[in-house]
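As a plain string of letters, each chain reads:
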Amino acid sequence: MNSSPRVIWKKIWNTNVLPRVKVFMWRACQNALPTRKGIGSRISGYDTTCYVCHQEVEDVLHAIKECALARDVWRCSNYKFVLSLKFRDVVDWWEYLLKEVDEVDVEIMFTICWAIWGARNSFVIEGTQPDSMSIIAYALKVCGEVRDVRANGGKGAILKVVQYAERWSKPSEGWVKMNVDVGVLGEAGTGLGAIARDSNGVVLCAAVHHVKERWGVKEAEAKAVWCGLQLARDRGIKRVVLESDSLLVVQALRGASAGRSTFHLLIEDITNVAASFDDVKWSFVRRNGNRVAHYLAHFQPWDLGQRMWVDHLPNDVIALVANDII
Ligand SMILES: [Zn+2]
């Protein structure tokens, strides 16, 4: 159930984002942003269709989450899980984020919302073509500055971007790193990819698993982790770093959230499989660091079922693996 704007506003006020972002959010919660729907409610006959995508009525939720531009930004970000979630309005959405996502990520996500809104305005007013990666980079830069100001006791801002690994890195000696990813293959179902490498970067095995099921994004990402872990166990690996580019899944595995949803039951299954290893670490890497698993997950399906390589990896996979250790 929705909290009143007053309750959610208190929570937003306590986040560590730019004052300008808070003002934007406050106005959004109060329905006080100049959206076409908002203007249309005061001027009869006003065209409320979105000026950017020309597809739907433009309200705040559409502008910063559902519009083609917004969806592209979220798809390029580390928060692609928002694509599969539906909300009544922006208060409903932000309330969910405040509850389910950890503090630092919520701050980044709120700042991305504000940056999307700004980019739309620049497009409408000045005709500036919006670019998804620039919007994300700008939001990350702003968040880094805010955090630095806080860390320095409010004195001076030094630019620092959020600290998440951008590149693949070798695991420590005695450990095997298993990278996993998921590919949404439309009619062909879902692809799950996994690749295990040792502390020298040598490939121990790689696998693709095609299933006809089509899950939600975070459930599919969790399934990929589950498959990767099963593969590690079948190959007799004892200490594994399980690495995914789904922040939500990694956070859930680290115990940041609990619940009884399908997603949480999957997390519980994974935790149970993990108990049979000597040691398991959950690692998050940005998409750039997870390219081999991403490639495997999107490998064109020839059939449903599983395929595994121990030697003689496909050439494309070898090229990507080499790229990770250059
Ligand atoms: Zn639109």
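The structure presented is a predicted model; accordingly, all values stated were derived computationally and were not measured.

**Some thoughts on the domain arrangement of the protein**
Point 1. Split by domain assignment, the protein resolves into domain 1 (5–151) and domain 2 (176–325).
Point 2. Opposite the 10 residues of domain 1 that make contact, domain 2 presents 10 residues.
Point 3. Buried surface at the junction of domain 1 and domain 2, summed over both partners, amounts to about 1100 Å²; 50% is from carbon and sulfur atoms.
Point 4. Its largest share of buried area at the contact with domain 2, domain 1 owes to Asn78, Lys80 and Phe81, together 51% of the area lost on that side.
Point 5. Summed over the shared surface of domain 1 and domain 2, the result is two salt bridges.
Point 6. For the salt bridge of Glu221 with Lys80, the shortest nitrogen-to-oxygen distance reads 3.6 Å.
Point 7. Between domain 1 and domain 2 we count four residue pairs in polar contact (both at pLDDT 80 or more) in total.
Point 8. Taken together, the residues that form the side of domain 1 that touches domain 2 break down as four nonpolar, two polar and four charged.

**Focus: the packing of helix α6 (residues 90–100) against helix α7 (residues 103–126)**
Point 1. Running from amino to carboxyl end, α6 crosses α7 at an angle of 155 degrees, the nearest separation of the two axes being 10 Å. Overall, the two elements α6 and α7 adopt an arrangement that is roughly antiparallel. Classified by chirality, the crossing of α7 by α6 is right-handed. Where α6 approaches α7, its residues Trp93, Trp94, Leu97 and Leu98 are matched on the opposing element by Val106, Met109, Phe110 and Cys113.
Point 2. Of the residues in the contact of α6 with α7, the class split is eight nonpolar, no polar and no charged.

**Description of the pattern of salt bridges**
Point 1. The full count for this structure, using the stated rule, is 10 salt bridges.
Point 2. Among the ionic pairs, Glu66 bridges to Arg71, the shortest N-O distance being 3.2 Å.
Point 3. Judged by its relative accessible area of 17%, Glu66 falls in the buried class.
Point 4. In this structure, Glu66 engages Lys86 in a salt bridge whose closest nitrogen and oxygen atoms are separated by 3.4 Å.

**Brief notes about the sheet that holds strand β2 (residues 190–197)**
Point 1. If you trace the six strands from one edge of the open sheet to the other, you get β5-β4-β1-β2-β3-β6, paired in mixed fashion. One side of each edge strand has no neighbouring strand; the edge strands of this open sheet are β5 (279–284) and β6 (305–309). Each adjacent strand pair in this sheet contributes to an overall mean axis angle of 20 degrees, direction not counted.
Point 2. Pairing between strand β1 (residues 176–184) and β2: eight bridges, direction antiparallel. Pairing of Gly183 across the sheet is with Gly191, part of β2.

**Structural notes on the coordination of the zinc ion**
Point 1. Around the zinc ion, the protein supplies Cys50 (SG), Cys53 (SG), His62 (NE2) and Cys67 (SG) as donor atoms, at distances of 2.1 to 2.3 Å.
Point 2. Coordination at the zinc ion is tetrahedral, judged from the four donor atoms that bind it and the angles of 104 to 116 degrees they form at the metal.
Point 3. According to the relative accessible area criterion, His62 is buried, its value standing at 3%.

**A word on the layout of surface pockets**
Point 1. Reported here for the largest pocket is a volume of approximately 330 Å³.
Point 2. Around the largest pocket, the lining comprises 15 residues; the ones closest to its centre are Cys76, Asn78, Met133, Glu166 and Arg286.
Point 3. Residue assignment for the lining of the largest pocket shows that the elements contributing at least two residues are α7 and α8 (132–151).
Point 4. The element best represented in the lining of the largest pocket is α8, accounting for four residues.
Point 5. Considered class by class, the residues forming the lining of the largest pocket number nine nonpolar, three polar and three charged.
Point 6. Two domains share the lining of the largest pocket, each providing at least three of its residues, namely domain 1 (5–151) and domain 2 (176–325).

**Some details on the environment of Asp316**
Point 1. For Asp316, the position within the fold is in helix α13 (residues 315–325).
Point 2. The spacing of Asp316 and Tyr295 is 21 residues in sequence and 8.7 Å in space, taken between C-alpha atoms.

Thresholds, definitions, all that
Residues numbered from 1 in each chain as written. Predicted model: local features only at pLDDT ≥ 70, side-chain atom pairs only at ≥ 80, totals over all residues. Heavy atoms only, no water. Domains from an automatic or database assignment. Contact = heavy atoms within 4.5 Å. Buried area = accessible area lost by both parts, 1.4 Å probe. Salt bridge = Lys/Arg side-chain N within 4 Å of Asp/Glu carboxyl O. Polar contact = N/O pair within 3.5 Å; in protein donor to acceptor, adjacent residues only side chain to side chain. Nonpolar A, V, L, I, M, F, W, Y, C, P; charged D, E, K, R; others polar. Axes fitted to C-alpha atoms, helices over the stretch in contact; angles between N-to-C directions. Helix = DSSP H or I, 4+ residues; strand = E, 2+ residues; numbered from the N terminus. Parallel < 35°, antiparallel > 145°, perpendicular 65-115°, else oblique. Left-handed = near helix turned anticlockwise from the far one by under 90°. Buried < 20%, exposed > 50% of the residue type's maximum accessible area, 1.4 Å probe, protein only. Pairing = 2+ DSSP bridges. Donors = N, O, S within 2.8 Å, 3.2 Å for Na, K, Ca; no water. Tetrahedral: all angles 85-135°; square planar, octahedral: opposite > 155°, others 65-115°. 1 Å grid on protein atoms, 1.4 Å probe; cavity = no way out; pocket = protein on both sides within 12 Å on 5 of 7 lines; lining within 4 Å. Points joined across faces, edges and corners; volume = space filled by probe spheres on them.

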